[in-house]
Amino acid sequence: MSTIKVKVNGKLVEAKVEGNMRLLDLVRNTLKLTATKEGCSIGECGACTVMMDGKAVCSCLVLAEQCDEAEITTLEGLNDNPITQKLQKAFVEKGGVQCGFCTPGVLVSTTALLEEVPQPSDEQLKDVLEGNICRCTGYQPILDSIHHALKS
């Protein structure tokens, strides 16, 4: 067991972690930040996406020990982010949300992209969404929602 210090959603956290504990487990089970979902556990579905030092990562593939001195942002930490707020509103207005299981990961991935590329091409949007599986929308409502957010 080791002790790590990590900034989660702007707050410094000190946690004791086992060597095999994933970032996903730290976020959901220890810190009780449940917007981050466990889907596939192999980095394919994107439901567990968080930002680590500003980059979108699958938290099921990152060991908690690797986060020592890192900055982690979950969807809960993006509540005041203007980009995320626009996206959330557009997802509701344009039907980008169906069952909602994939939505936190999609919002985190898209916010990370838009913070780097404020006006992404369709190809860039599709590339970032490639890491997020959605079985309900067929992706077009998600893309429509993102485009709507970019216009507002």
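Residues numbered from 1 in each chain as written. Predicted model: local features only at pLDDT ≥ 70, side-chain atom pairs only at ≥ 80, totals over all residues. Heavy atoms only, no water.

Novice: Provide a residue-level description of unusual backbone geometry, including the pertinent values.
Specialist: Here the phi dihedral of Asn9 falls at roughly 55°; this positive angle occurs in a residue that is not glycine. Inspection of the secondary structure assignment puts Asn9 in the loop between strand E1 (2-8) and strand E2 (11-17). Asn9 sits in the partly exposed class, given a relative accessible area of 27%. Notably, Lys32 is not glycine yet its phi reads approximately 60°, a positive angle. Along the chain, Lys32 falls in the loop between helix H1 (23-30) and strand E3 (49-52). Exposure remark for Lys32: the relative accessible area of 60% places this residue in the exposed category. (Helix = DSSP H or I, 4+ residues; strand = E, 2+ residues; numbered from the N terminus. Buried < 20%, exposed > 50% of the residue type's maximum accessible area, 1.4 Å probe, protein only.)

Novice: Residues and numbers for the nonpolar core, please.
Specialist: Formed by 22 residues in total, the largest nonpolar core has its most connected members in Leu75, Leu87, Phe91, Val106, Leu129, Ile142 and Ile146. Among the secondary structure elements, those contributing two or more residues to this core are helix H2 (82-94), helix H3 (103-116), helix H4 (122-129) and helix H5 (140-151). With six residues, H3 is the largest single contributor of residues to this core. When near neighbours in sequence (up to four residues on either side) are disregarded, Leu75 contacts Ala35, Thr84, Gln88, Pro104, Leu107 and Val108. Core analysis: the second largest hydrophobic core is formed by 19 residues, Ile4, Val17, Ala64 and Ile72 among them. (Core = buried A, V, L, I, M, F, W, Y, C linked by side-chain atoms within 4.5 Å. Contact = heavy atoms within 4.5 Å.)

Novice: Report on the pairing of E2, specifying residues and quantitative values.
Specialist: Pairing of E1 with E2, which is carried by seven bridges, proceeds in the antiparallel orientation. Residue Ser2 lies in a different strand from E2, and its bridge partner there is Val17. The hairpin formed by E1 and E2 contains two residues between the paired strands, and Asn9 there has a positive phi angle of roughly 55°. (Pairing = 2+ DSSP bridges.)

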